[in-house]
Amino acid sequence: MAKRFLSFLAALLLLVSPALGEMTVERKTGERYYPQEKDWVYHFSYAYPHIAGDDYTAAHINDTYEMALDEWAKLMLPMFANAPDMRYDGKNEVTHDFTVVCNNGRVLSILQTRVQTRGESGPLYALEPLTFDVGGAYAGESLTLRGVTLIQAGVDGDLMEDAEPDMYPEVARIIGGSSDEMAEALLPVLYERFQEQQGAGVIAAHWTREDFEDKFSPTQDFYTDEEGRIVFFFPPELLSVPSFEVPVFSFTPAELDALLAGAD
């Protein structure tokens, strides 16, 4: 069944303390005004993850978020502030934040939030997840859906591409498959959940099957949790009342492998 992000505000304030193998995730915060602080059109406040340490893994993850921050701070928002059709009421707020949803020494999964006010037209909400390998051959790199699932299933990150299906029978089909094949098996299952949420009034009634497949992607709209499950979420814009309280659906690696069996 669908769950909600009821603990979002509390989670966003946490500094994740390191246990064995975990990363220390700090908050890099700031604010900027565009085109200038006096008579501003856009106010940007942000919190981005910063990994403590000076090893390659920390540096690579930090570079990923530095580039994301620079894109907004140095490109997008200066452009918005100088575009007449993007000024709306002239006092637009953009807020970026994040929560750590898994930090287990094998993977680090981070869910970013973004909300942008737009005058009287209402705010825009977005969720952007990334999951990084922090203990295997791809340490510091973001992982695909298949990669996250295999690592959370216990497949050695250093041997992931050479793993034999008979060594890990619970995820044998995922080992021999791809993220796209996983998505193909998931889409009809999650579309049923989508329809259920429409019937409950959570998802706006006007969205069609084509809209669902255009705006939701199992290979992008997912993260992983501390229990090793893969969690899929519907984008906020699909909700009847857009917010960060989106429906989420969790699958164990074995359950995802079973879906591939059903798709054979």
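Residues numbered from 1 in each chain as written. Predicted model: local features only at pLDDT ≥ 70, side-chain atom pairs only at ≥ 80, totals over all residues. Heavy atoms only, no water.

1. A word on the pattern of salt bridges
Tallied over the full model, the rule gives 9 salt bridges. Glu 227 is the partner of Arg 229 in a salt bridge, and the nearest nitrogen-oxygen pair spans 3.1 Å. Note on Arg 229: relative accessible area 27%, which makes it partly exposed. Taking the relative accessible area as the measure of exposure, Glu 227 reaches 57% and is therefore exposed. Connected through salt bridges with shared partners, the residues Asp 225, Glu 227 and Arg 229 form a single ionic network. (Salt bridge = Lys/Arg side-chain N within 4 Å of Asp/Glu carboxyl O. Buried < 20%, exposed > 50% of the residue type's maximum accessible area, 1.4 Å probe, protein only.)

2. Digging into the side chain of Asn 103
Tracing the sequence through the fold places Asn 103 in strand β3 (residues 92-103). Among the polar contacts made by the side chain of Asn 103, one reaches the main-chain carbonyl oxygen of Met 23 at a distance of 2.8 Å. (Helix = DSSP H or I, 4+ residues; strand = E, 2+ residues; numbered from the N terminus. Polar contact = N/O pair within 3.5 Å; in protein donor to acceptor, adjacent residues only side chain to side chain.)

3. A word on the sheet that holds β3
Spatially, the 5 strands line up as an open sheet ordered β1-β2-β3-β4-β5, and their pairing is mixed. Two strands bound the open sheet, and with one partner strand each, they are β1 (25-34) and β5 (124-133). If you compare each strand with its neighbour and ignore which way they point, the axes differ by 15° on average. Relative to β5, strand β4 (residues 107-116) runs antiparallel, the two sharing 10 bridges. Within β5, the position partnered with Thr 113 by the bridge is Leu 127. Against the sheet, helix α2 (residues 56-81) contacts β1, β2 (42-51), β3, β4 and β5, and its axis sits at roughly 175° relative to β2. (Pairing = 2+ DSSP bridges. Axes fitted to C-alpha atoms, helices over the stretch in contact; angles between N-to-C directions. Contact = heavy atoms within 4.5 Å.)

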